[in-house]
Amino acid sequence: MTEPVVSLKDVYFSYENKRILNNINLDIPKGSFLGLVGPNGGGKTTLIQLILGLLTPDQGDISILGQPISTFKHWNRIGFVSQKANSFNKGFPATVFEVVSMGLTTKIGYFRFFNKKHKEKVIQALQQVDMEQYAYQNIGNLSGGQQQRVFIARALVGDPELIILDEPTVGVDYKNVDRFYDLLHELNKKEGISLLLVTHDTGVMTKYATNVACLNQTLHFHGNSEEYTSLTDKELSEIYGHPVNVIVHDH
Amino acid sequence: MIEHFLQFDFLRHTFYTSLLIGLIAPLLGTFLVVRRLSLLADALSHVTLAGIAFGLFMEKRFTSSWITPIQSGMVFSVIGSLFIERLRTIYKAYQEIGIPIILSGGVGLSVIFIALANGFNTDLFNYLFGSVSAVSRVDFLTILFIAIGVVVILFFFYKELLTLSFDEEYATVSGLHSKRIHFLFIVLIAFVIAASIRIVGVLLVSALMTLPVASALRFAKSFKQLIVYSIIFGEFAVVAGLISGYYMSIPPGGTIVMIAIVLLIGSIVIQKFISNRQRKEQK
């Protein structure tokens, strides 16, 4: 087996004496599509922030692409897409092209400039998410779903090995949500990019994810998506602390 | 109208200086406005006043001072920017609290130094509202040096500053040294404010950083356009304000800012008109 893209060993994290994460062990295999589900306040976002190096664990080890996180420098190999469709400054006067270029900032590095090759990369990333015809539109004028595709392009442009998405479909209208997940599925299958998707939408798990993890302070389940669908309602409600209906998506 | 400015030495320095600040103040102002930090400029300008008052006090006490008021203003402004950053990390949940603290601290210190330097005089009046005739050769060279520095640094750090301004969280996650870039940005702001004070004055310097950008925001489709339009509006306001101020014997701070406001109102009206017409054409 190849080395996992992200590996957490015995990770603990507390926030102001409140234990958020308890003894987390999690490996994200290369090329997998991991869906991370769990109730609000279960520590999903905290886990993401630990993996992104925005927080440091109280205990335990995290390694990214085989390197301990403390010495990991190649952050441009990790793409990140947040709930930005809701929270970025909509009045920001930037074109889609400019926003996607930002995905190359650290890759290009200090005292180096954006050149023709980078421009081609940006256009290519926009083609991958089917947004190239909007390249010179203002980002604020697009719909939530289109904006999220642009942010995916920004993550893609740096040739990432892993893309982390934190509830990316919040604020995206439901008609475009399916299209959005189809895009993720394609990136995972065709480009071989590993994905870590945090979501409330448990139905997505059964349709797209190759692996599923349920987090509520501790990791309650971590396996492939078939095993996940076979979990009983009782087991699921134990994880969530309340009854859940698993809706199986199919076309 | 402009010939006086090219004819007399003291006016020539003023004229070139105003061209420089008409460039750098809106240039840096674009980042300031989109990051919603416009008030920061106000806080720093008041700290700069404290530095200027300190410089005037030194001049009074020791007739030939080793530091000009503009230079001591710069030192205070940069120190003030460091304090604001410090306060931002101490009061994480109240990020803007540093601004009123530094602003009032700046005014408080200014009052003390002004009193020690035996109160108000025309010099101080010039620093408050700007002056057509106050730019000395040393001031001009200091400001020229700063302008070159600002343009060069922005040229090299443009992509980093833009990434940081658009989305601070993403910038950090993608491995950008956000804190260091932000720090560099704040220090540049401090320098530009101190440089602009000679022409527009302490009380109106933040207007020169924000008003042209507010006008440009009405038209700009991209960030590059925002920068170009902001500089055009800024230069126009500065040059027209300086010349009209000179001929009407009004401190240029007042005329520059009023022209910038007229430009802003004009931009809003014209942009409304354009978008209404486009809507009609679509129908």
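Colleague: For this particular structure, what's the right way to read the overall build of chain B?
Modeller: When helices and strands are counted, chain B shows 12 helices and 0 strands. The order of α-helices and β-strands along chain B, N terminus first, is α-α-α-α-α-α-α-α-α-α-α-α. For 283 residues, the compact-globule estimate of 2.2 N^0.38 gives 19 Å, and the C-alpha radius of gyration of chain B, at 19 Å, lies within 12% of that figure. Its C-alpha atoms put chain B at 70 × 50 × 30 Å along the principal axes. Sorting the 283 residues of chain B into buried and exposed places 55% on the buried side. Considering only intrachain contacts with a sequence separation of at least 6, the fraction spanning at least 24 residues in chain B is 75%.

Colleague: It is not clear to me how unusual backbone geometry should be interpreted in this structure. Could you clarify?
Modeller: A negative phi holds for most residues other than glycine; trans holds for most peptide bonds. The phi dihedral of Asn 17 of chain A falls on the positive side, at around 65°, and the residue is not glycine. Looking at the element boundaries, Asn 17 of chain A is found in the loop between strand 1 (6–15) and strand 2 (18–28). Unusually for a residue other than glycine, Arg 36 of chain B sits at a positive phi of about 60°. Its place among the elements puts Arg 36 of chain B in the loop between helix 2 (9–34) and helix 3 (38–61).

Colleague: Honestly, the packing of helix 9 (residues 178–200) of chain B against helix 10 (residues 205–217) of chain B in this entry has me stumped. Any pointers?
Modeller: Two quantities define a packed helix pair, namely the angle between the axes and the distance from one axis to the other. Residues and elements named next belong to chain B. For the pair helix 9 and helix 10, the least separation of the axes is 8 Å and the interaxial angle reads 110°. Comparing the axis directions of helix 9 and helix 10 gives the class roughly perpendicular. Contacts from Ile 189, Val 192, Ile 193, Ser 196, Ile 197 and Val 200 of helix 9 reach helix 10 at Val 205, Leu 208 and Met 209. Grouping the amino acids of the contact of helix 9 with helix 10 by side-chain chemistry returns 8 nonpolar, 1 polar and no charged.

Colleague: Just to check I follow, could you spell out the sheet that holds strand 5 (residues 67–68) of chain A for this structure?
Modeller: Strand pairing within a sheet occurs via backbone hydrogen bonds; the two strands may be parallel or antiparallel. Sheet architecture is open: 4 strands sit in the order 2-1-4-5 (chain A), paired in antiparallel fashion. Single-partner strands in this sheet number two, and they are strand 2 and strand 5 of chain A.

Colleague: Help me understand the pattern of salt bridges, please; the structure alone is not making it clear to me.
Modeller: Any two side chains of opposite charge can pair if their charged atoms end up close together. Inspection of the entire model under this criterion finds 12 salt bridges over all chains. Note that Asp 159 of chain A and Lys 121 of chain A form a salt bridge whose closest N and O atoms lie 2.5 Å from each other. Here Asp 159 of chain A, found in the loop between helix 6 (144–156) and strand 7 (162–166), pairs with Lys 121 of chain A, found in helix 5 (residues 116–128); they are 38 residues apart in sequence, far enough to count as distant. Since its relative accessible area comes to 44%, Asp 159 of chain A is described here as partly exposed. With a closest N to O distance of 3.2 Å, Lys 159 of chain B and Glu 160 of chain B form a salt bridge.

Colleague: Any chance you could explain the interface of chain B and chain A here in plain terms?
Modeller: In many reports, interface size means the accessible area that the parts give up when they come together. At the interface, 29 residues of chain B touch 30 residues of chain A. In terms of surface lost to chain A, no three residues of chain B exceed Phe 166, Tyr 170 and Val 173 of chain B, which account for 30% of the buried area on that side. The interface formed by chain B and chain A holds 1 salt bridge in total. Between Arg 154 of chain A and Asp 167 of chain B there is a salt bridge, with its nearest N and O atoms 3.5 Å apart. Broken down by secondary-structure element, the contributors of at least two residues to the side of chain B that touches chain A are helix 7 (137–166), helix 8 (168–173) and helix 11 (223–248) of chain B. It is helix 7 of chain B that provides the largest number of residues to the side of chain B that touches chain A, a total of 10 residues. Here the side of chain B that touches chain A is built from residues that sort into 15 nonpolar, 7 polar and 7 charged.

Colleague: Mind showing me how you'd approach the packing of helix 2 of chain B against helix 9 of chain B here?
Modeller: Residue and element names in this part refer to chain B. Look at helix 2 against helix 9: their axes get within 9 Å of each other, and the N-to-C directions meet at 145°. When you trace helix 2 past helix 9, the crossing you get is left-handed. Contact residues: Thr 14, Thr 17, Ser 18, Ile 21, Ile 24, Ala 25, Leu 28, Phe 31 and Leu 32 in helix 2; Phe 185, Leu 188, Ile 189, Val 192, Ala 195, Ser 196 and Ile 199 in helix 9. Grouping the amino acids of the contact of helix 2 with helix 9 by side-chain chemistry returns 12 nonpolar, 4 polar and no charged.

Colleague: Please clarify how empty space enclosed by the protein should be interpreted in this entry.
Modeller: A probe as big as a water molecule, rolled over the atoms, marks out the empty space that is left. Summed over all chains, the structure comprises 1 cavity of 30 Å³ or more. Estimates place the volume of the largest cavity at around 80 Å³. If you trace the largest cavity, you find 13 residues lining it, with Trp 75, Asn 76 and Ile 78 of chain A together with Tyr 170 and Ser 174 of chain B closest to the centre. Counting only elements with at least two residues in the lining of the largest cavity, the list comes to strand 6 (78–81) and helix 6 of chain A together with helix 8 of chain B. Here the lining of the largest cavity takes 3 residues from strand 6 of chain A, the largest share from any one element.

Colleague: I tried to follow the pairing of strand 3 (residues 33–37) of chain A on my own but got confused; where do I start?
Modeller: A regular strand carries its side chains on alternate faces of the sheet. All names here are of chain A. Most of strand 3 sits out of view: 5 of its 5 residues are buried. On strand 3, burial covers both faces: Phe 33, Gly 35 and Val 37 on one face and Leu 34 and Leu 36 on the other are all buried. In the sheet, strand 3 pairs with strand 8 (residues 194–198) via 4 bridges, with the strands oriented parallel. Of the residues in strand 8, the one forming a bridge with Phe 33 is Leu 195. Sheet analysis places strand 3 next to strand 9 (residues 211–216), joined by 4 bridges and oriented parallel. Counted as the bridge partner of Val 37 is Cys 214 from strand 9.

Colleague: Whenever I open this one, the layout of surface pockets confuses me. Can you help?
Modeller: If you add up the space inside the largest pocket, you get close to 1400 Å³. Along the walls of the largest pocket sit 40 residues, with Arg 35, Arg 88, Gln 95, Glu 168 and Thr 172 of chain B positioned nearest its centre. Counting only elements with at least two residues in the lining of the largest pocket, the list comes to helix 2 (84–87) of chain A together with helix 3, helix 4 (69–90), helix 7, helix 8 and helix 9 of chain B. If one sorts the elements of the lining of the largest pocket by residue count, helix 9 of chain B sits on top with 6 residues. Looking at the lining of the largest pocket residue by residue, the class counts come to 15 nonpolar, 12 polar and 13 charged.

Calculation notes
- Residues numbered from 1 in each chain as written.
- Chains lettered and ligands numbered in written order.
- Predicted model: local features only at pLDDT ≥ 70, side-chain atom pairs only at ≥ 80, totals over all residues.
- Heavy atoms only, no water.
- Helix = DSSP H or I, 4+ residues; strand = E, 2+ residues; numbered from the N terminus.
- Rg over C-alpha atoms; globule rule 2.2 N^0.38 Å.
- Buried < 20%, exposed > 50% of the residue type's maximum accessible area, 1.4 Å probe, protein only.
- Contact = heavy atoms within 4.5 Å.
- Axes fitted to C-alpha atoms, helices over the stretch in contact; angles between N-to-C directions.
- Parallel < 35°, antiparallel > 145°, perpendicular 65-115°, else oblique.
- Nonpolar A, V, L, I, M, F, W, Y, C, P; charged D, E, K, R; others polar.
- Pairing = 2+ DSSP bridges.
- Salt bridge = Lys/Arg side-chain N within 4 Å of Asp/Glu carboxyl O.
- Buried area = accessible area lost by both parts, 1.4 Å probe.
- Left-handed = near helix turned anticlockwise from the far one by under 90°.
- 1 Å grid on protein atoms, 1.4 Å probe; cavity = no way out; pocket = protein on both sides within 12 Å on 5 of 7 lines; lining within 4 Å.
- Points joined across faces, edges and corners; volume = space filled by probe spheres on them.

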